[in-house]
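# Tertiary structure, described
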Amino acid sequence: MDEVKQIVGQIRKGDIKPIYFLFGEEAYFIDKLAEFIGNSILTEEERGFNQMVVYGKDVSMDDVVANAKRYPMMADRQVVIVREAQHLSRNIDQLLPYAKNPQPTTVLVFCYKYKKLDKRKALYKAIEKNGRCMESKKLYENQVTDWLRNKLLADGYPISHKAAILLVEYLGTDLGKINNELDKLKAILPKETEITPSHIETNIGISKDYNNFELKRAIGERNITKATRIIHYFAQNPKDNPFVLTITLLHTFFSQLLKYHGLTDHNPRNVAQALGINPYFVREFQTAAKNYPMRRVSQIVGHIREMDMKSKGVGAQNLHQADLLKELLVKII
């Protein structure tokens, strides 16, 4: 994330603000930036007396402000980090007087996750004037794949494109969750090892042949034999392959395919941008579009929604995941 890099660069150069208000849907960047601030501004010796970490559910805004107004001991600054600050959302406007006149020797960091700070309000404007606001937005799936590959490369671990896609398909776009799995791989594999689907299957437990990524591809190609094998595997391993993830992925795929049919420009770059996908996937949509005309895709989206309702007990009772998957495959292909 460019804004995170910018703030890190400024702090390293000594341009340190008295308030950092970190908010938004992606908790990973908020946590990492707060961790960097906590480890960078004070020396290890200074932290004992001059660094405080509090949690929003345990303190009031008055407590936070009182701590921020303290003077540092035997140091130029003190750091106060408010984790889970979203628990203070009802009283967040009480920060305004302090934001207008912050303590210059304090670095106050708010980790305000999964919520937004209204940019029209006086509080946001006061923090921007005297400190720094940063909105941490969720990355799109294609952005997560690039982030994952760049992160591993920076740590000395190249990863094959298919392996990166496999991780994102299985783990979703939660960067914290992905980062935990990457740490496992880095702890096991020597540096400069290219991470492959086989490494992921062995060390993380994602089958390189039987996963939603391969099911989506098989269905797009109308490869009934392969799709049936994968669904049979899912039925035998329901905990590792929950129906809700499979149906969500297929709904997204066919909804994007519907959008693909509506495009007038099928240039791969335009398709990737319009659908919000990694260019790696464009060929899959080209193939699927030949196998599923627009009218058929509309019908399939309806079938997927019907199966979703059945999985929740609407119009059917006590249907096993295996039966739902088989019925869905028949209706699609």
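Residues numbered from 1 in each chain as written. Predicted model: local features only at pLDDT ≥ 70, side-chain atom pairs only at ≥ 80, totals over all residues. Heavy atoms only, no water.

Now for helix 2 (residues 27-40). Helix length check: helix 2, at 14 residues, gives a terminal C-alpha distance of 20 Å against a target of 20 Å (1.5 Å per residue), a fit within 8%. For helix 2, the complete set of buried residues consists of A27, Y28, F29, I30, L33, A34, F36, I37 and G38. If you check the start of helix 2, you find a side-chain oxygen 3.0 Å away from the backbone N of Y28, and it comes from E26. (Helix = DSSP H or I, 4+ residues; strand = E, 2+ residues; numbered from the N terminus. Expected span 1.5 Å × (residues − 1). Buried < 20%, exposed > 50% of the residue type's maximum accessible area, 1.4 Å probe, protein only. Polar contact = N/O pair within 3.5 Å; in protein donor to acceptor, adjacent residues only side chain to side chain.)

Here we have five strands laid out as an open sheet, ordered 2-3-4-1-5, and parallel in their pairing. Looking at strand neighbours, the two that pair on one side only are strand 2 (51-55) and strand 5 (132-135), the edges of this open sheet. With direction set aside, neighbouring strand axes in the sheet form an average angle of 10 degrees. Bridge count between strand 3 (residues 78-83) and strand 4 (residues 106-113): five bridges; the pairing is parallel. Residue V79 lies in a different strand from strand 4, and its bridge partner there is V107. (Pairing = 2+ DSSP bridges. Axes fitted to C-alpha atoms, helices over the stretch in contact; angles between N-to-C directions.)

Right, let's talk about the nonpolar core for a bit. Y20, L33, I37, V109, L148 and L167 are the most contacted members of the largest nonpolar core, which has 44 residues in total. Broken down by secondary-structure element, the contributors of at least two residues to this core are helix 1 (2-12), strand 1 (19-24), helix 2, strand 3, strand 4, helix 7 (141-154), helix 8 (161-171) and helix 9 (175-188). Here I37 is in contact with I11, Y20, V79, V107 and V109, once residues within four sequence places are set aside. (Core = buried A, V, L, I, M, F, W, Y, C linked by side-chain atoms within 4.5 Å. Contact = heavy atoms within 4.5 Å.)

What describes a pair of aromatic rings is the distance from one ring centre to the other and the angle between the planes of the rings. Per the stated rule, a full pass over the model turns up ten aromatic pairs. Ring geometry for F254 against Y292: centres 5.5 Å apart, planes inclined by 90 degrees, an arrangement best described as edge-to-face. Placement of the pair is F254 in helix 13 (residues 243-262) and Y292 in the loop between helix 15 (282-291) and helix 16 (294-311), with a sequence separation of 38 residues. For the pair F254 and Y292, one class covers both residues: buried. (Phe/Tyr/Trp six-rings, centres within 6.5 Å; stacked < 30°, edge-to-face > 60°.)

Now for the packing of helix 13 against helix 14 (residues 268-275). Two elements in contact, helix 13 and helix 14, have axes whose closest approach is 10 Å; the angle formed by their N-to-C orientations is 130 degrees. Here helix 13 is positioned oblique relative to helix 14, judged by the angle of their axes. Seen from above, helix 13 lies across helix 14 with right-handed handedness. Along its contact with helix 13, which presents Q256, K259 and Y260, the element helix 14 presents V271, A274 and L275. In the contact of helix 13 with helix 14, the residues fall into four nonpolar, one polar and one charged. (Parallel < 35°, antiparallel > 145°, perpendicular 65-115°, else oblique. Left-handed = near helix turned anticlockwise from the far one by under 90°. Nonpolar A, V, L, I, M, F, W, Y, C, P; charged D, E, K, R; others polar.)

Take empty space enclosed by the protein next. Scanning the model with the defined rule gives one cavity of 30 Å³ or more in all. Taken as a whole, the largest cavity holds about 80 Å³ of empty space. In terms of lining residues, the largest cavity is bounded by L166, E169, Y170, N211, N212, F213, D240, N241, P242 and L245. Listed by contribution, the elements that provide at least two residues to the lining of the largest cavity are helix 8 and helix 11 (212-220). Here the lining of the largest cavity takes three residues from helix 8, the largest share from any one element. A breakdown of the residues in the lining of the largest cavity according to their chemical character gives five nonpolar, three polar and two charged. (1 Å grid on protein atoms, 1.4 Å probe; cavity = no way out; pocket = protein on both sides within 12 Å on 5 of 7 lines; lining within 4 Å. Points joined across faces, edges and corners; volume = space filled by probe spheres on them.)

Let us now look at unusual backbone geometry. You will see that E84, though not glycine, has its phi angle at about 50 degrees, which is positive. Tracing the sequence through the fold places E84 in the loop between strand 3 and helix 5 (96-100).

Here the focus is the pairing of strand 4. With eight of its eight residues buried, strand 4 lies for the most part within the structure. Residues of strand 4 alternate between two faces, with T106, L108, F110 and Y112 on one and V107, V109, C111 and K113 on the opposite face, all of them buried. Two strands pair when backbone bridges link them, and strand 1 and strand 4 are joined in this way by six bridges, in the parallel orientation. Considered in strand 4, the bridge of F23 is made with Y112.

Let us look at the pattern of salt bridges. Enumeration according to the criterion identifies 23 salt bridges in this entry. Ionic pairing is found between E84 and K113, a salt bridge with its closest N-O pair at 3.4 Å. Pair noted here: E84 is in the loop between strand 3 and helix 5 and K113 is in strand 4, with a separation of 29 residues, a long-range link. Residue classification places K113 among the buried residues on the basis of a relative accessible area of 7%. Taking the shortest distance from any N to any O, the salt bridge between R217 and E284 comes out at 3.6 Å. A residue pair is termed long-range when its members are at least 10 positions apart, and R217 in helix 11 and E284 in helix 15 qualify at 67 residues. Residues R217 and E284 agree in their burial class; the two are buried. One continuous salt-bridge network, built from bridges that share partners, spans D31, R83, E84 and K113. (Salt bridge = Lys/Arg side-chain N within 4 Å of Asp/Glu carboxyl O.)

By themselves, these observations are geometric and do not establish any function.
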